[in-house]
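Architecture and fold: a report
Each chain, letter by letter, is given below.
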Amino acid sequence: MSLDIPLLKKICETPGAPGYEKRIRDLVIKEVTPLVDTVEVDNIGNIVCVKKAKNNKDNKKVMVAAHMDEIGFIVKHIDDAGFLRFHTLGGFDPKTLTAQRVIVHGKKDLIGVMGTKPVHVMSAEEKKKLPETTDFFIDMGMDKDEVVKYISIGDSVTRERELIEMGNCVNCKSIDNRISVFILIETLRNIKNFPHDIYGVFTVQEEVGLRGAQIAAHSINPDFGLALDTTIAFDVPGAQAHEKVTELSKGAAIKIMDSSAICDYRMVDYLKKTADKNKIKWQPEILTAGGTDTAYVQRMGKNGAISGAISIPTRHLHQVIEMAHKEDVQSCINLLSSALSELDQYDWSH
């Protein structure tokens, strides 16, 4: 099965900073509506898609969460010369902002560039200093009178970068977490026989505190939970073996823990056995820094959920050149599909 690259490209390139997910939400609703029984949008903006099992004799529910938002910025000041100051929405390594184009989503979309003090006029001490996000401004190429016709305080800003294929990989901004949005859509498209009702949830505001997942899990109260998200693939020059977390082309990553959740040992075991049974390539993941929707899928329902996560190994996270391997993406689709189809075939007792 080949990946639908045009769909993935559209998903990755559509803007949707935390709290400003409308455009990506509209796209996802259009894609999933023909694939599920019901689609609803809750008060915070999560998309909740339900695919009913034909014979759910135990009335069990499984929630699968993939967050729609991408790291971005919000305009907080327009100075007298028309330059924008911004606040970050999500985690950034400031040095990755250098020499980047952004899109300011005002009354119309406008391209801006990240600017900072030129190296030619920096002092020796300034050259040694690591940059901070507050060192940067957005240059719109217009004076203030023109800027304020289109841009206001509170407008969202996203990064500008198209998806390309590189060898056996895809490369774009916002692979985190649009690759998971793609995986969940493709799974909902392909899965036919499954024992429990599937609640596919495309969550909001994950990058600023897992906010959408809290609301969705509390409302759904799932029996089982799976989160989909990217994870670090530090399989590059200079990395020590113990630092890699995951590696590209080694398969879907089965999460054991991250900084906000210890996955249920039964779900970890189930995912491993399901992958082996179906000859799906996989690798273990322990992410000691960085949390995912897994945490609130697991513990925000009234009864708690037997939860785990399938992660997509990704290089260069939170940059505009995030990279995932096509075979790993397909492995994640296959593992999620198999896991949802065979949930009733495992002994879930403690």
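Before any of the text, the structure's been laid out above.
Residues numbered from 1 in each chain as written. Predicted model: local features only at pLDDT ≥ 70, side-chain atom pairs only at ≥ 80, totals over all residues. Heavy atoms only, no water.

Right, let's get into the side chain of glutamine 283. On the secondary structure map, glutamine 283 appears in strand β16 (residues 282–286). For glutamine 283, the side chain forms a polar contact with the main-chain oxygen of glutamate 247, separated by 2.9 Å. Other than its neighbours up to four places away in sequence, glutamine 283 contacts Thr246, Glu247, Lys250, Gly251, Ala252, Ala253, Ile254 and Pro313. (Helix = DSSP H or I, 4+ residues; strand = E, 2+ residues; numbered from the N terminus. Polar contact = N/O pair within 3.5 Å; in protein donor to acceptor, adjacent residues only side chain to side chain. Contact = heavy atoms within 4.5 Å.)

At the junction of aspartate 176 and asparagine 177, the peptide bond is cis and its omega measures out at 10° in the coordinates. Along the chain, the position of asparagine 177 falls in helix α5 (residues 175–190). Positive phi, close to 60°, is recorded for alanine 99, a residue that is not glycine. Inspection of the secondary structure assignment puts alanine 99 in the loop between β5 (84–89) and β6 (101–105).

Another point: the packing of aromatic side chains. With the rule as written, the count across this model stands at seven aromatic pairs. Summarising the aromatic geometry, the rings of phenylalanine 73 and phenylalanine 86 are spaced 5.0 Å apart at their centres and angled 70° between planes, so their arrangement reads as edge-to-face. Remark: phenylalanine 86 occurs in strand β5 and phenylalanine 73 occurs in strand β4 (residues 72–78); sequence separation between them is 13 residues. Residue phenylalanine 73 shares its accessibility class with phenylalanine 86, and that shared class is buried. Cation over ring: lysine 108 sits above tyrosine 150, and NZ or CZ is 4.6 Å from the ring centre. Seen from the ring of tyrosine 265, arginine 266 lies directly overhead, with NZ or CZ sitting 5.9 Å from the centre. (Phe/Tyr/Trp six-rings, centres within 6.5 Å; stacked < 30°, edge-to-face > 60°. Buried < 20%, exposed > 50% of the residue type's maximum accessible area, 1.4 Å probe, protein only. Lys NZ or Arg CZ within 6 Å of the ring centre and 35° of its normal.)

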